[in-house]
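# Structural characterization, general
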Amino acid sequence: MELTRFCSTSRVVIVAGKGGVGKTTTTAALALAAARAGMSVLILEVEGKSGLSAAFGRPQLTYAETELAPRIRARTLTPDQALLDYLQGHGLRRISKRLVNTGALDVVATAVPGMKDILVLGKVKQLDLDRVADLILLDAPAAGHAVSFLLSPRGLLDAVRMGPIRKQASDVIDMLSDPARCQVMLVTIPEETPVNELVDTAFAIEDRVGVKLGPVVVNGCYPQVDVVESGSDIQHDAELADVFVSPREAHDLARAAEFRARRQELQASEADRLADLLPLPQVRLPFLFHAELGPDEIDVLADAFTAGIEALPVA
Amino acid sequence: MTHSLDDLVEHGHIVICCGTGGVGKTTSAAVLALEGARNGRHAVVVTIDPAKRLAHALGLAALSNTPHEIDRALWDGDGEAAPTGRLAAMMLDTKSTFDTLVSRYAETPEQAARILQNRFYRNISGALSGTQEYMAMEKLHELHEDGGYDLIVVDTPPSRHALDFLDAPQRLMRLLDNHVFRLLMMPTRAYLRVASVAVQVFLRTISKVVGTEVVEDVVAFFRAFEGMEQGFRERAGRVIELLADEGTRFVLVTTPRRDAVQEAEFFAQRLGETGIDVDALIVNRVHPRFGDESPEGLRSRAVELAARAGTTDEPAIKSAGSRLASLYDNLADFQEISEREGHHLAGVQERVGSAEIAHVAFLANDVHDFDGLRAVGRLLFEGSKGRE
């Protein structure tokens, strides 16, 4: 599938997965891939401390938009700020600050489960309706399970039977259930427990939320290096190539090669297992051996992302 | 005063495992409890959200409110454990822990029933951020008072901020103390008379946004809760004291990833501000290091070998050269990541001062049985010996 075609499938992409699997990495790679294809991208961060801006070499994100790279803008979204915006947009400006400052929002948010999630998703919906960018990427909360985050509007419809928040919830459901407007991209690493958890999450989202699932991103895949057989006779190769390799160094080379081969094998079998359990296309992103996520690495990841999407059959 | 891992499982009374999500906290907690039991202690591990297969191995099929003792034959396969050792496990049930607490402090069964049925309460007990943390600490207190365990190892919830559990008791009290909502506790008609015009407007606004039913639920809850705050407050105070107790040890769990380490460092700092030392630092998923050659040297060797292979037309020599080049590249990759991990960890290692630092290398498989836990235990307790 062509990258531009993929990026125009739905305007909002919610990137979700458990902490530490590479949601930020995926968000950055997708953003850059789309921007290179000429699209304008807005990244929304719910927690504001993911290191995304640092990876682009920019200062910490704020509620006001900043440009991270050409055609890539980013900002944070907090429930408090989203509520203020919402109230101010509904002629309740004077009361709004007080609601937040007295801590009343906490009480209200407790009274209405999922209220904070609704405020955030409601803001995303508004940004989508305002067509602020060609593609909106939401880096979903890490700890809050993606499922409860996405289920929040349905839960809210049960708890609140009237009023504008209810309207907000049903508008959010409209957005989530329209594949042209929104899809979820799940991220995992090729290891046993994260794969199992991703499969559970995917089925829960499909069964209970009804939002379209995009390709699954398998992050942290060791770049395939064929070191297995060559690990066997290093001294013989050294003789052929007419170089000296000390026995100790040969030992280190062999152990490192064996470790790599074993992990590559494990990763491949976990990715295959994921494919068996979950009939969704996979896009694989490489493990970064050489440096932490920075502008150069995002470049490499965007290439890998683009290649991964282009290898997918046209849906 | 800090203690080694051995000392911790042999003499610690309460061990709290903290760290950000996905770093292996639950596994580390289970390993520490198992090692305690092997050392002859009556140990229990309180888990929060274990991966399914680990939960299964610990005999935890469902959430429970009481620990369940694990058959010795299961956890002491090699029969080497001290005869007095016992091991129990539980998976925290936040809601029923909270329900028990309400029933305990209610003045009458009717008061308890009114609260337990209230919708606002049900939301608090199920979903309020911090409740899970608070209940984990509450359970800890209960096991400490009445459980008869020598060693209680607690896993902490995978919070957005790793230290939510420290603030959880206070956070709940703040919610109950919220002055705006205390006004709501007055009888419905009276509050309209007493409350200032501003408050009335304010309450009407909330009703407008979320509907009157929600406000009524909240009012009913605060009214039903009347008289119980004192009990809760005292209990929260005792939990906080217990955290600062001499027999309570803190184990910080992390991985060498930059973001996890930053979180761990922040956590160690916050604990320090509270006057609590980190007793041990467990670093999981460490990449192995092979030899001590520098990555730069290895990388340039690889480049050189590849270049030489490029100059020959003899296929056997060419392929031998490029095979060697890729071996050097591969070793350079691992030396590079290992150096970077060491660099990330330097800050937190300094921050935890004299605490024992134990590294657990990348494991070939996930841990989901007692053999796996024991293998990690060996890495932790035997692998850490002789380190500086």
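Residues numbered from 1 in each chain as written. Chains lettered and ligands numbered in written order. Predicted model: local features only at pLDDT ≥ 70, side-chain atom pairs only at ≥ 80, totals over all residues.

### Some remarks on the sheet that holds strand S3 (residues 68-69) of chain B
Residue and element names in this part refer to chain B. Strand order across the open sheet formed by eight strands is S3-S4-S2-S5-S1-S6-S7-S8, with mixed pairing between neighbours. The open sheet has two edge strands with one neighbour each: S3 and strand S8 (356-361). Strand direction decides the pairing type here: strand S2 (residues 42-47) and strand S4 (residues 86-91), joined by six bridges, are parallel. Residue pairing across strands places Ala-43 opposite Leu-87, the latter belonging to S4. (Pairing = 2+ DSSP bridges. Helix = DSSP H or I, 4+ residues; strand = E, 2+ residues; numbered from the N terminus.)

### Here we look at the pairing of strand S5 (residues 135-139) of chain A
All names here are of chain A. Of all five residues in S5, five are buried; the element is thus mostly enclosed. The alternating pattern of S5 places Leu-135, Leu-137 and Asp-139 and Ile-136 and Leu-138 on opposite faces, both of which are buried. Bridging between strand S1 (residues 12-16) and S5 involves four bridges; their strand directions are parallel. What sits directly across from Val-15, in S5, is Asp-139. In the sheet, strand S2 (residues 41-45) pairs with S5 via five bridges, with the strands oriented parallel. Residue pairing in the sheet places Glu-45 in a bridge with Asp-139 of S5. (Buried ≥ 20, exposed ≤ 12 C-beta atoms within 10 Å, placed from the backbone.)

### A few points about helix H8 (residues 146-159) of chain A
Residues and elements named next belong to chain A. Between its terminal C-alpha atoms H8 stretches 20 Å, which fits the 20 Å expected from 14 residues at 1.5 Å a residue. If you look at H8, its biggest bend is around 50 degrees, right at Ser-152, and the proline Pro-153 turns up within four residues after that. Taken residue by residue, H8 has Ala-146, Phe-149, Leu-150, Ser-152, Pro-153, Leu-156 and Ala-159 as its buried positions. Residues of H8 that are buried make contact with S1, helix H7 (115-129), helix H9 (164-176) and helix H10 (192-209). (Expected span 1.5 Å × (residues − 1). Bend = angle between axes of the 7 residues up to and from the residue. Contact = placed C-beta atoms within 7 Å.)

### Examining unusual backbone geometry
In this structure, Asp-242 of chain A is a non-glycine residue whose phi angle is positive, near 60 degrees. With respect to the secondary-structure elements, Asp-242 of chain A resides in the loop between helix H11 (234-241) and helix H12 (247-277). With 11 C-beta atoms packed within 10 Å, Asp-242 of chain A lands in the exposed category. One non-glycine residue, Arg-285 of chain B, lies in the positive phi region at around 60 degrees. Mapped onto the secondary structure, Arg-285 of chain B falls in strand S7 (residues 280-286). Note on Arg-285 of chain B: 20 C-beta atoms within 10 Å, which makes it buried.

### Things to note about the nonpolar core
Core analysis: the largest hydrophobic core is formed by 184 residues, its most contacted members being Leu-137 of chain A together with Ala-33, Val-44, Val-153 and Leu-252 of chain B. Beyond its immediate chain neighbours, meaning those up to four positions away, Val-153 of chain B contacts Val-15, Cys-17, Ala-29, Leu-32, Ala-33, Ala-43 and Val-45 of chain B. Counting 21 residues, the second largest nonpolar core, distinct from the first, contains Leu-253 and Ala-256 of chain A together with Phe-290 and Leu-327 of chain B. (Core = buried A, V, L, I, M, F, W, Y, C linked by C-beta atoms within 7 Å.)

### Focus on the domain arrangement of chain B
Residues and elements named next belong to chain B. When the domains of chain B are assigned, the result is domain 1 (5-185 + 226-289 + 345-381) and domain 2 (295-344). Centre-to-centre separation of domain 1 and domain 2, based on C-alpha positions: 46 Å. Facing nine residues of domain 1, the contacting portion of domain 2 comprises seven residues. Those elements that provide at least two residues to the side of domain 1 that touches domain 2 are helix H15 (258-273) and helix H17 (315-351). When the residues that make up the side of domain 1 that touches domain 2 are grouped by side-chain class, the tally is six nonpolar, one polar and two charged. (Domains from an automatic or database assignment. Nonpolar A, V, L, I, M, F, W, Y, C, P; charged D, E, K, R; others polar.)

### Quick look at the confidence of the model for chain B
Residues and elements named next belong to chain B. For chain B, the average pLDDT comes to 83, and 85% of its residues sit at 70 or higher. Counting interchain partners and residues more than four positions distant, the pLDDT-below-50 stretch residues 187-193 has four contacts. pLDDT under 50 marks residues 384-388. Its contacts with residues more than four places away, or in other chains, come to three contacts. Interface confidence for the predicted complex, expressed as ipTM, amounts to 0.88; the pTM equals 0.88. (pLDDT = per-residue confidence, 0-100.)

### What about H11 of chain A?
Turning to H11 of chain A, its buried residues number three or more, namely Ile-234, Asp-237, Ala-238 and Ala-241 of chain A. Taken end-on, H11 of chain A shows its buried residues confined to a sector of 100 degrees, consistent with a single buried face. Of the residues in H11 of chain A, the exposed ones pointing more than 90 degrees away from the buried face are Gln-235 and His-236 of chain A. The inward-facing, buried residues of H11 of chain A contact H12 of chain A together with helix H16 (295-311) and H17 of chain B. Asp-242 of chain A, located one to two residues past H11 of chain A, shows a positive phi value of around 60 degrees. (Arc of directions from axis to C-beta.)

### Comments concerning the packing of helix H4 (residues 79-89) of chain A against H7 of chain A
All names here are of chain A. Running from N to C, H4 and H7 point in directions that differ by 65 degrees, and their axes come no closer than 8 Å. Crossing hand, H4 versus H7: left-handed. Residues Pro-79, Ala-82, Leu-83, Asp-85 and Tyr-86 of H4 lie in contact with H7, whose contacting residues are Lys-116, Leu-119, Val-120, Gly-122 and Lys-123. Residue classes in the contact of H4 with H7 are distributed as six nonpolar, one polar and three charged. (Axes fitted to C-alpha atoms, helices over the stretch in contact; angles between N-to-C directions. Left-handed = near helix turned anticlockwise from the far one by under 90°.)

### Examining the environment of Gly-21 of chain B
One can find Gly-21 of chain B in the loop between strand S1 (14-18) and helix H2 (25-38). Between the C-alpha atom of Gly-21 of chain B and that of Val-261 of chain B, which follows or precedes it by 240 residues, the distance is 12 Å.

### So, the environment of Val-172 of chain A
All names here are of chain A. With respect to the helices, strands and loops of the structure, Val-172 is situated in helix H9. When the 26 C-beta atoms within 10 Å are taken as the criterion, Val-172 is described as buried. Distance in space between the C-alpha atoms of Val-172 and Thr-25 is 26 Å, their sequence separation being 147 residues. Discounting chain neighbours no more than four positions away, the residues touching Val-172 are Ile-118, Leu-121, Gly-122, Lys-125 and Pro-153.

### Things to note about the packing of H2 of chain B against helix H18 (residues 370-381) of chain B
All names here are of chain B. Two numbers describe how H2 lies on H18: the axes approach to 9 Å, and their chain directions differ by 80 degrees. As the angle between them shows, H2 and H18 are arranged roughly perpendicular. Across the interface between the two elements, Thr-27, Ala-30, Val-31, Leu-34 and Glu-35 from H2 touch Leu-373, Arg-374, Val-376, Gly-377, Leu-380 and Phe-381 from H18. Its residues assigned to classes, the contact of H2 with H18 shows seven nonpolar, two polar and two charged. (Parallel < 35°, antiparallel > 145°, perpendicular 65-115°, else oblique.)

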